Amino acid sequence: PQVGPELNNAILWFILATATRLVRNDGQMMHSSMLMHTTHNVLPHLQFGDLLREHIKGIAEVLSDSFGKSRFKDLWEREIETVPAEDFGLTTEDFEAVYSYVPEVLCKLVVVVDNSQSNDRLDYDDNDPKAIIVVGGNTLSRGLTLEGLVCSFFLRNGRQYDSLMQMGRWYGYRPRYGDLARIWTTKTLRDHFSFLAHVEADIRQQLQLYAQGDGNPLTVPVQV
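Residues numbered from 1 in each chain as written. Predicted model: local features only at pLDDT ≥ 70, side-chain atom pairs only at ≥ 80, totals over all residues. Heavy atoms only, no water.

Draft legend 1. Representation of the overall build of the protein chain in the model. Of regular secondary structure, the protein chain possesses seven helices and five strands. Going residue by residue from the N terminus, the α and β elements of the protein chain occur as α-β-α-α-α-α-β-β-β-α-β-α. Structurally, the protein chain occupies a C-alpha span of about 65 × 45 × 35 Å along its principal axes. Of all 224 residues assigned to the protein chain, the portion counted as buried reaches 41%. Relative to all contacts within the protein chain whose residues are 6 or more apart in sequence, the contacts with residues 24 or more apart total 72%. Surface summary for the protein chain: the accessible area is close to 12600 Å², and the carbon and sulfur share equals 50%. Mean positive and mean negative side-chain charge positions of the protein chain (21 and 29 charges, respectively) differ by 4 Å. (Helix = DSSP H or I, 4+ residues; strand = E, 2+ residues; numbered from the N terminus. Buried < 20%, exposed > 50% of the residue type's maximum accessible area, 1.4 Å probe, protein only. Contact = heavy atoms within 4.5 Å. Areas by Shrake-Rupley, 256 points an atom, 1.4 Å probe, with all protein chains shown as cover. Lys, Arg positive; Asp, Glu negative; His and termini not counted. Charge placed at Lys NZ, Arg CZ, Asp CG, Glu CD.)

Draft legend 2. Layout of the nonpolar core. With 41 residues, the main nonpolar core has Ile 15, Leu 16, Met 34, Phe 72, Val 102 and Ile 133 as its most contacted residues. Setting aside anything within four residues of it in sequence, one finds Val 102 in contact with Ile 15, Leu 16, Ala 19, Leu 63 and Phe 72. Counting residues in hydrophobic clusters, the runner-up holds 14 residues, among them Leu 35, Val 112, Val 134 and Leu 189. (Core = buried A, V, L, I, M, F, W, Y, C linked by side-chain atoms within 4.5 Å.)

Draft legend 3. The packing of helix H1 (residues 5-24) against helix H3 (residues 66-82), seen in detail. Two elements in contact, H1 and H3, have axes whose closest approach is 10 Å; the angle formed by their N-to-C orientations is 80°. When the axis of H1 is compared with that of H3, the two are roughly perpendicular. Contact with H1, carried on its side by Asn 8, Asn 9, Leu 12, Trp 13, Ile 15, Leu 16 and Thr 20, involves Arg 71, Phe 72, Leu 75, Trp 76, Arg 78 and Glu 79 of H3 and no other residues of that element. (Axes fitted to C-alpha atoms, helices over the stretch in contact; angles between N-to-C directions. Parallel < 35°, antiparallel > 145°, perpendicular 65-115°, else oblique.)

Draft legend 4. Examining the sheet that holds strand S1 (residues 32-37) more closely. Strand order across the open sheet formed by five strands is S2-S3-S1-S4-S5, with parallel pairing between neighbours. With one partner strand each, in any of the chains shown, strand S2 (109-114) and strand S5 (182-184) form the two edges of the open sheet. Recorded for the sheet is a direction-independent mean angle of 15° between the axes of neighbouring strands. Summarising the sheet, S2 and strand S3 (residues 131-136) pair through six bridges and their orientation is parallel. Bridge assignment links Val 112 to a residue of S3, and that residue is Val 134. This element, H1, spans S1, S2, S3, strand S4 (149-154) and S5 of the sheet and lies at about 165° to S1. (Pairing = 2+ DSSP bridges.)

Draft legend 5. Looking closely at a negative patch on the surface. Among the surface-exposed residues, Asp 123, Asp 125, Asp 126 and Glu 147 lie close enough to one another that they form a single negatively charged patch. Mapping Asp 126 onto the fold places it in the loop between S2 and S3. Taking the relative accessible area as the measure of exposure, Asp 126 reaches 63% and is therefore exposed. (Patch = residues over 30% accessible without salt bridge, like charges linked within 9 Å, V, L, I, M, F, W, Y side chains within 5 Å. Salt bridge = Lys/Arg side-chain N within 4 Å of Asp/Glu carboxyl O.)

Draft legend 6. Broad picture of empty space enclosed by the protein. Per the counting criterion, the structure on display carries one cavity of 30 Å³ or more. As a volume, the largest cavity reaches approximately 70 Å³. Residue lining of the largest cavity: Trp 13, Arg 24, Trp 76, Ile 80, Val 83, Pro 84, Ala 85, Thr 92, Glu 93, Asp 179, Leu 180 and Arg 182, and that is the complete set. Going through the elements one at a time, H1 and H3 are the ones with two or more residues in the lining of the largest cavity. By residue class, the composition of the lining of the largest cavity is seven nonpolar, one polar and four charged. (1 Å grid on protein atoms, 1.4 Å probe; cavity = no way out; pocket = protein on both sides within 12 Å on 5 of 7 lines; lining within 4 Å. Points joined across faces, edges and corners; volume = space filled by probe spheres on them. Nonpolar A, V, L, I, M, F, W, Y, C, P; charged D, E, K, R; others polar.)

Draft legend 7. Representation of the pairing of S3 within the structure. Burial analysis of S3 places six of its six residues in the buried class, the great majority of the element. Going residue by residue along S3, you find Ala 131, Ile 133 and Val 135 tucked away on one face and Ile 132, Val 134 and Gly 136 tucked away on the opposite face as well.

Draft legend 8. Representation of H1. Helix length check: H1 (20 residues) gives 28 Å between terminal C-alpha atoms against 28 Å at 1.5 Å per residue, within 8%. The element H1 is largely enclosed, with a buried count of 18 among its 20 residues. Positioned one or two residues after H1, Asp 26 has a phi angle of 55°, which is positive. (Expected span 1.5 Å × (residues − 1).)

See below:
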């Protein structure tokens, strides 16, 4: 396994998004999570855990270089245009203010490999909030809640509706960071989840129609 350009961008964005939340929360750290789910096989998870820890050390080492800062700034400028904060009733933060919190985020950043063979387990301590990159497979694909989920690197496909729907529980309530949530995935997965979103919308529309009539679940079954 290796950290390619897109995974690197996902990690940099996770750091920036967490730093942005610090700016908006007056410097108070909150739980912040990134999900990395690429396969159900456990060995690659363990390999990626060590690889990501070394990669994050490399990011920290170049923070003082103009090149390191420029990589963050280029990504920041691209992403804030993609999803404007104003669409969520928020204000776009100043890059310099955000970047000033990047060292603190890196100090709080940990990598957790959560699978059947790892010694790590995901544990959110409210007394010590951290930025956590969670690497895993089946333990993460069944609706496990990730606190402050702001970024996902998701490549694992599924063949069944229920598997895709459960793996697709990307984000819940996002107070003051709805503009920061991002998913890195494949076109195939994007199309599959888009299709399922329309299926769910159709079911909800059916329920609305039933609510307007005299039917009930005993007389008017919903198509699933």
